[in-house]
Amino acid sequence: MSSSEELNEITLPKCTKIHHQAKFTSSILFVHHYCNSQKETGFQGGGMNGTAIENFVCVIFNVSFMNCTWHVGRNVSGDTQYFLYWKTSKKEDFTGCQNYIKDDYGRHTGCRFQNVTIENKRAYFLVNGSRNGQNIQSYKKMIILYKIEKLTPPLNVTVNCEEASHGCEIQWQPPRTSHVKRRACFKYEIVIENKADPEKNIRNTSRTESSITGNSYIFGSFSTEKRYSVKIRATDNGCLVSTSWGEWSTPVEFGTSQLTSTSPYMLSLISVLAAGLVLLLCTVRTYLKKASATIPRPRDPFHELCPMDFKIEYKNQSIMHETEETIAITEVT
């Protein structure tokens, strides 16, 4: 952390209140030290040298989680305890840590936070200590929150390759943050690794491209005989974003069996197969129509003639019988 990021001055109201749920008297010692004082310079309060915490570091990760850790003082005993308090405005009261990280002696060596929002806020941290009969130095520091964020990996990394052009288009979405929405606020580093294949005498090599803006990249050295993997990470591109590189995305493999080919040969083959399928369907449909036309319609065995139908049927039978008799007589004469 640079000198501009450290708290050189903390202005406290007279007899500042500190909220805590600890069994030690650290907060009482702290209030006694800063009460009746409007301004305190430096990052360590009064107390025995070597008793203040060391290597205080905070990191924001997964958008809204934050961990702060420290090392115990060089000249403290095993029964010394530390307590952390923080706030995001000088007008607020300090709030004590609710979820401490402990070492093998049960001493507090860190704190876990949830639901942390950045929004270009500054955070003020105070770590005080207590031990019976010993005055422990207090520690204070100011941190600009967006500068300690560990960016999440870029999202939805995909690769589409064309065999004809020997090129692959790699696409992704920006990392998730709580305070930045503009895509132009990020730049990226891409690592494309050529996977080793002993059977084809292919060695494992990699290619790195840095300072890529936008959300796509064309990889122009693609070979169908090789297999690759790609991973991406993000950093600041001139906005209120951490200048440290973020987390790597999960490697995405592509090539050989995962090839997405759009060559002219494949396109023509797909067209021929589609035309053949349509012709087959038309032929089957025509055959079914002809087959159904030649089959006689079966008579409904359950159909019954109504009384009027019986009369018509009887009359037709009588006419046919008389005609047969007349014809027979004419032939005899």
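These numbers come from a predicted model, not from an experiment.

Asker: Lay out the sheet that holds strand β5 (residues 65–71) in plain terms, naming residues and giving numbers.
Answerer: With respect to topology, 4 strands assemble into an open sheet ordered β4-β5-β9-β8, the strand pairing being antiparallel. Edge positions in the open sheet fall to β4 (54–61) and β8 (100–102), since each of these has one partner strand only. Ignoring which end each strand starts from, the neighbouring axes of this sheet average 20° apart. Direction of pairing for β5 relative to strand β9 (residues 108–113): antiparallel, over a ladder of 4 bridges. Looking at β9, one finds that Asn-67 is bridged to Arg-112.

Asker: Break down the state of the cysteines for me, with residues and values.
Answerer: The tally for this structure, following the rule as stated, stands at 4 disulfides. Here Cys-58 is linked by a disulfide to Cys-68, with a sulfur-sulfur distance of 2.0 Å. Handedness here is read from the sign of the S-S torsion; for Cys-58 and Cys-68, about 115°, the answer is right-handed. Separated by 10 residues along the polypeptide, Cys-58 in strand β4 and Cys-68 in strand β5 bring together distant segments of the chain. Across the disulfide, Cys-97 is cross-linked to Cys-111 (sulfur-sulfur distance 1.9 Å).

Asker: So what's going on with the environment of Cys-185? Which residues, and what values?
Answerer: Here Cys-185 is to be found in the loop between β13 (167–173) and β14 (186–194). Distance in space between the C-alpha atoms of Cys-185 and Pro-174 is 9.2 Å, their sequence separation being 11 residues.

Asker: Any chance you could break down the pattern of salt bridges for me, citing the residues and the numbers?
Answerer: Applying the stated criterion across every chain yields a total of 6 salt bridges. Here Arg-74 makes a salt bridge to Glu-54, at a shortest N to O gap of 2.2 Å. Residue Arg-74 is located in the loop between β5 and β6 (81–87), and its partner Glu-54 is located in strand β4; the two are separated by 20 residues in the primary sequence. The exposed category is assigned to Arg-74, whose relative accessible area is 61%. Put simply, Glu-209 and Arg-207 hold a salt bridge, and the shortest N to O gap is 3.3 Å. What makes Arg-207 partly exposed here is its relative accessible area of 32%.

Asker: Any chance you could break down the environment of Arg-131 for me, citing the residues and the numbers?
Answerer: For Arg-131, the position within the fold is in the loop between β10 (122–130) and β11 (139–144). Considered as a pair, Arg-131 and Ser-77 are 54 residues apart in the sequence and their alpha carbons are 8.4 Å apart. With residues near it in sequence (within four places) discarded, Arg-131 still touches Ser-77, Asp-79, Thr-80 and Ile-136. A polar atom in the side chain of Arg-131 sits 2.3 Å from the side chain of Ser-77.

Asker: Explain unusual backbone geometry to me, using residue names and the numbers behind them.
Answerer: With the exception of glycine, the majority of residues adopt a negative phi angle, and the majority of peptide bonds are in the trans configuration. In this structure, Asn-55 takes a positive phi of about 55° despite not being glycine. Tracing the backbone shows Asn-55 in strand β4. Phi is positive for Asn-156, close to 50°, though the residue is something other than glycine. By the secondary structure assignment, Asn-156 is in strand β12 (residues 155–162). On the basis of relative accessibility, which here comes to 60%, the residue Asn-156 falls in the exposed class.

What counts, and at which threshold
- Residues numbered from 1 in each chain as written.
- Predicted model: local features only at pLDDT ≥ 70, side-chain atom pairs only at ≥ 80, totals over all residues.
- Heavy atoms only, no water.
- Pairing = 2+ DSSP bridges.
- Helix = DSSP H or I, 4+ residues; strand = E, 2+ residues; numbered from the N terminus.
- Axes fitted to C-alpha atoms, helices over the stretch in contact; angles between N-to-C directions.
- Disulfide = S-S within 2.5 Å.
- Salt bridge = Lys/Arg side-chain N within 4 Å of Asp/Glu carboxyl O.
- Buried < 20%, exposed > 50% of the residue type's maximum accessible area, 1.4 Å probe, protein only.
- Contact = heavy atoms within 4.5 Å.
- Polar contact = N/O pair within 3.5 Å; in protein donor to acceptor, adjacent residues only side chain to side chain.

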